[in-house]
Amino acid sequence: MTAAPRRRDPERRRREIVEAAAAIVVELGPDALTHRKVAARAGVPLGSTTQYFATLDDLRAAALSSLILEAEQWLDALEETFVREGASPSAYAAAVHRYLCDPQLVGADFALTCAAPLHPGLKELSDRWAADFAETLERYVTPESAAAVGMFTDGATMHTTLTGQPADPGLLDRAITALWKPRQETTE
């Protein structure tokens, strides 16, 4: 008996292609992306990748956009923690440590950081993520503190990428505490 053919579902196929592309970007970097690799990873015909994404730049942007959505979910969870428990350096440090323990998030962050300067279309995506991150932190800390915490977080992400190990939670807590200046301490 022959297996029933799969019902055509263009949106599912597109999703499978984007998920495969995102996995390749995280594992091998954004410049390793090819239509052929994505088709093999997604288990779809090569023509499907070019049907949905005519250029590699389009495919790369879709993959990184999907990865940024995961990072934005982390940011939303951070804000929920701040609302529930209060915005504190310790709460942020714990959230960053969870972030650094997630290879998918760290890989996506690193991939976007590396790709944005080389691919003008991705610069906008990178800028959007940075603005969302800063905007979230600036609701709780001074703009200068948000910038410093953001730079430290970027460095911690790079360190995790290079060493394969997230920073010690105690070190994260102490460093973020030193950079954390709550908004109410400002004289605006």
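Just so you know, these numbers come straight off a predicted model, no measurement behind them.

## Remarks on the pattern of salt bridges
For the structure on display, the rule yields eight salt bridges. One salt bridge connects D127 with K123, and the closest N-O pair in it is separated by 2.8 Å. With a gap of four residues between them, D127 and K123 both fall in helix α7 (residues 120-138), about one helical turn apart. Under the relative-accessibility criterion, K123 is labelled partly exposed at 41%.

## So, helix α8 (residues 143-163)
End to end, α8 covers 30 Å across 21 residues, agreeing with the expected 30 Å (1.5 Å per residue, within 8%). Taken together, the buried positions of α8 are S145, A146, V149, G150, T153, A156, T157 and T160. The buried residues of α8 occupy an angular sector of 135 degrees when the element is viewed end-on, so they sit on one face. Away from the buried face of α8 by more than 90 degrees, exposed residues E144, M151 and L162 are located. Here the buried face of α8 lies against α5 (89-100), α6 (103-115), α7 and α9 (169-179).

## Some remarks on the UniProt feature "domain: HTH tetR-type" (unreviewed entry) in the protein
UniProt marks residues 11-71 with the feature "domain: HTH tetR-type" (unreviewed entry), using the numbering shown here. The span residues 11-71 shows a helical share of 80% and a strand share of 0%, and its end C-alpha atoms are spaced 23 Å apart.

## As for helix α2 (residues 35-42)
Listed in full, the buried residues belonging to α2 are H35, V38 and A39. In a view along the axis of α2, the buried residues occupy a sector of 100 degrees, so they form one face of it. For α2, exposure combined with an orientation more than 90 degrees from the buried face picks out R36 and A40. Summarising the contacts, the buried residues of α2 are in contact with α1 (10-28), α3 (46-52) and α4 (56-85). One or two steps after α2, the chain reaches G43, where phi turns positive at roughly 70 degrees.

## A closer look at the layout of surface pockets
Reported here for the largest pocket is a volume of approximately 300 Å³. When contributions to the lining of the largest pocket are tallied by element, the ones reaching two or more residues are α6, α7 and α8. Tallying contributions element by element places α8 first for the lining of the largest pocket, with six residues. Partitioned by chemical class, the residues of the lining of the largest pocket number 10 nonpolar, four polar and two charged. In this structure, the second largest pocket encloses a volume near 230 Å³. Taken together, 19 residues form the lining of the second largest pocket, with P103, V106, G107, T160 and T161 sitting closest to its centre. Residue assignment for the lining of the second largest pocket shows that the elements contributing at least two residues are α1, α6 and α8. The leading source of residues in the lining of the second largest pocket is α6, at six residues.

The rules we used
- Residues numbered from 1 in each chain as written.
- Predicted model: local features only at pLDDT ≥ 70, side-chain atom pairs only at ≥ 80, totals over all residues.
- Heavy atoms only, no water.
- Salt bridge = Lys/Arg side-chain N within 4 Å of Asp/Glu carboxyl O.
- Helix = DSSP H or I, 4+ residues; strand = E, 2+ residues; numbered from the N terminus.
- Buried < 20%, exposed > 50% of the residue type's maximum accessible area, 1.4 Å probe, protein only.
- Expected span 1.5 Å × (residues − 1).
- Arc of directions from axis to C-beta.
- Contact = heavy atoms within 4.5 Å.
- UniProt positions renumbered as here; feature names shortened; annotations may be inferred.
- 1 Å grid on protein atoms, 1.4 Å probe; cavity = no way out; pocket = protein on both sides within 12 Å on 5 of 7 lines; lining within 4 Å.
- Points joined across faces, edges and corners; volume = space filled by probe spheres on them.
- Nonpolar A, V, L, I, M, F, W, Y, C, P; charged D, E, K, R; others polar.

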